[in-house]
Amino acid sequence: MTHTLSTQPLTAAAFAPFGEVIEVSGTPDKIINQGMCGRHHDLATLDFADGRVGISLFDAKARTFPYSVDMVERHPDGSQAFIPVSGTPMLVVVAEDRDGVPVNLRAFVSQPGQSINLHRGVWHGVLAPIEKPGQFIVIDRIGDGPNLQEHWFDDPYIVQSV
Ligand SMILES: NC(=O)N[C@@H](O)C(=O)O
Ligand code: NI
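- The name given to the chain in an unreviewed UniProt entry is Ureidoglycolate lyase, with the source organism recorded as Aliiroseovarius zhejiangensis.
- The annotation that UniProt attaches to the chain under Subunit (unreviewed entry) is "Homodimer."
- According to UniProt, the comment filed for the chain under the heading Catalytic activity (unreviewed entry) is "(S)-ureidoglycolate = urea + glyoxylate".

### Observations regarding the site of ligand 1
Then, in step 1: The local shell around ligand 1 consists of Phe58, Glu73, His75, Gln80, Phe82, His124, Val126 and Leu127.
Then, in step 2: Between an oxygen atom of ligand 1 and a side-chain N or O atom of Glu73, the distance comes to 2.5 Å.
Then, in step 3: Separating an oxygen atom of ligand 1 from a side-chain N or O atom of Gln80 is a distance of 3.0 Å.
Then, in step 4: Look at ligand 1: alone it shows 270 Å² of surface, and the protein chains cover 72% of it.
Then, in step 5: Classifying every residue of the shell around ligand 1 by side-chain character gives 4 nonpolar, 3 polar and 1 charged.

### Points about the coordination of the nickel ion (ligand 2)
Then, in step 1: Bound to the nickel ion (ligand 2) on the protein side are Glu73 (OE), His75 (NE2), Gln80 (OE1) and His124 (NE2), at distances that span 2.1 to 2.2 Å.
Then, in step 2: Every donor counted, the 6 donor atoms about the nickel ion (ligand 2) form angles of 73 to 173° at the centre, which fits octahedral coordination.
Then, in step 3: Sequence spacing of the donor residues for the nickel ion (ligand 2), all on one chain, is E-x1-H-x4-Q-x43-H.
Then, in step 4: Judged by relative accessible area, which is 10%, Glu73 ranks as buried.

### A look at the packing of aromatic side chains
The geometry of two aromatic rings is summed up by the distance between their centres and the angle between their planes.
Then, in step 1: A full pass over the atoms with the stated rule returns 5 aromatic pairs.
Then, in step 2: Aromatic side chains Phe15 and Phe108 sit 5.5 Å apart centroid to centroid with 90° between the ring planes, which places their arrangement in the edge-to-face category. You can see Phe15 sitting in helix α1 (residues 12-15) and its partner Phe108 sitting in strand β10 (residues 101-109), a full 93 residues away along the chain. This pair shows no difference in class: Phe15 is buried, exactly as Phe108 is.
Then, in step 3: Between Phe58 and Phe82, the ring centres sit 6.0 Å apart and the planes meet at 65°, which makes this aromatic pair edge-to-face. Remark: Phe82 occurs in strand β8 (residues 80-84) and Phe58 occurs in strand β6 (residues 52-60); sequence separation between them is 24 residues.
Then, in step 4: Residue Phe82 is classed as buried on the basis of its relative accessible area, which comes to 4%.
Then, in step 5: Here a set of aromatic residues connected by ring pairs shows up, and it is made of Phe15, Phe18 and Phe108.

### Focus: the pairing of β8
Then, in step 1: β8 sits mainly inside the fold: 4 of its 5 residues count as buried.
Then, in step 2: In this structure, β8 lies alongside strand β11 (residues 115-118), joined through 3 bridges in antiparallel fashion. By the bridge assignment, Ala81 is partnered in β11 with Asn117.
Then, in step 3: When β8 meets strand β13 (residues 134-142), the two strands line up antiparallel, connected through 5 bridges.

### Some thoughts on unusual backbone geometry
With the exception of glycine, most residues fall at negative phi, and the peptide bonds are largely trans.
Then, in step 1: With omega at 0°, the peptide bond leading from Phe65 into Pro66 counts as cis.
Then, in step 2: Residue placement: Pro66 occurs in the loop between β6 and β7 (67-74).
Then, in step 3: In this structure, Gln34 is a non-glycine residue whose phi angle is positive, near 55°.
Then, in step 4: Relative to the helices and strands, Gln34 is located in the loop between β4 (30-32) and β5 (37-39).
Then, in step 5: Accessibility expressed as a relative area gives 79% for Gln34, which makes it exposed.
Then, in step 6: Positive phi, normally seen in glycine, also occurs at Asn147, with a value near 50°.
Then, in step 7: Mapped onto the elements of the fold, Asn147 is located in the loop between β13 and β14 (149-159).
Then, in step 8: For Asn147, a relative accessible area of 10% translates into the label buried.

What counts as what
- Residues numbered from 1 in each chain as written.
- Chains lettered and ligands numbered in written order.
- Predicted model: local features only at pLDDT ≥ 70, side-chain atom pairs only at ≥ 80, totals over all residues.
- Heavy atoms only, no water.
- UniProt positions renumbered as here; feature names shortened; annotations may be inferred.
- Near = heavy atom within 4 Å.
- Polar contact = N/O pair within 3.5 Å; in protein donor to acceptor, adjacent residues only side chain to side chain.
- Areas by Shrake-Rupley, 256 points an atom, 1.4 Å probe, with all protein chains shown as cover.
- Nonpolar A, V, L, I, M, F, W, Y, C, P; charged D, E, K, R; others polar.
- Donors = N, O, S within 2.8 Å, 3.2 Å for Na, K, Ca; no water.
- Tetrahedral: all angles 85-135°; square planar, octahedral: opposite > 155°, others 65-115°.
- Buried < 20%, exposed > 50% of the residue type's maximum accessible area, 1.4 Å probe, protein only.
- Phe/Tyr/Trp six-rings, centres within 6.5 Å; stacked < 30°, edge-to-face > 60°.
- Helix = DSSP H or I, 4+ residues; strand = E, 2+ residues; numbered from the N terminus.
- Pairing = 2+ DSSP bridges.

So this is what it looks like as structure tokens:
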């Protein structure tokens, strides 16, 4: 048996229980560089139990549809941000936690120009560029231990299309 997972547009409000959407929105918090640049300040909360923050680059293959969500994972020791280098849209699957089990999955579709920061310990699908490959800057915890918990579904969730 499988479950069908419908998608919804990625918005800051809808994603708020799971993390932040990083995007230019509204007027800048500060105009800098002699008026040549707008600073949209402090858009996401980096949260690490220990270790240090690191910047990595993910060179991710395209995902196609129907797309099977066989597993979600979480990082108990730190938040994780995904920033597309060239604006590649991504499928962002997240879930609530109920006694250590992911429930009530949501699937968000990002727009070019949107990045995300997942809160520490939030269940999420792995990075999934939509229909084309992409490079992503990833800001997450560098430290000892796996900082990874996976949950494999007996019955996968299928995203038919975006
Ligand atoms: N495994 C890894 O570094 N990536 C995952 O955490 C992911 O969320 O894609
Ligand atoms: Ni992850």
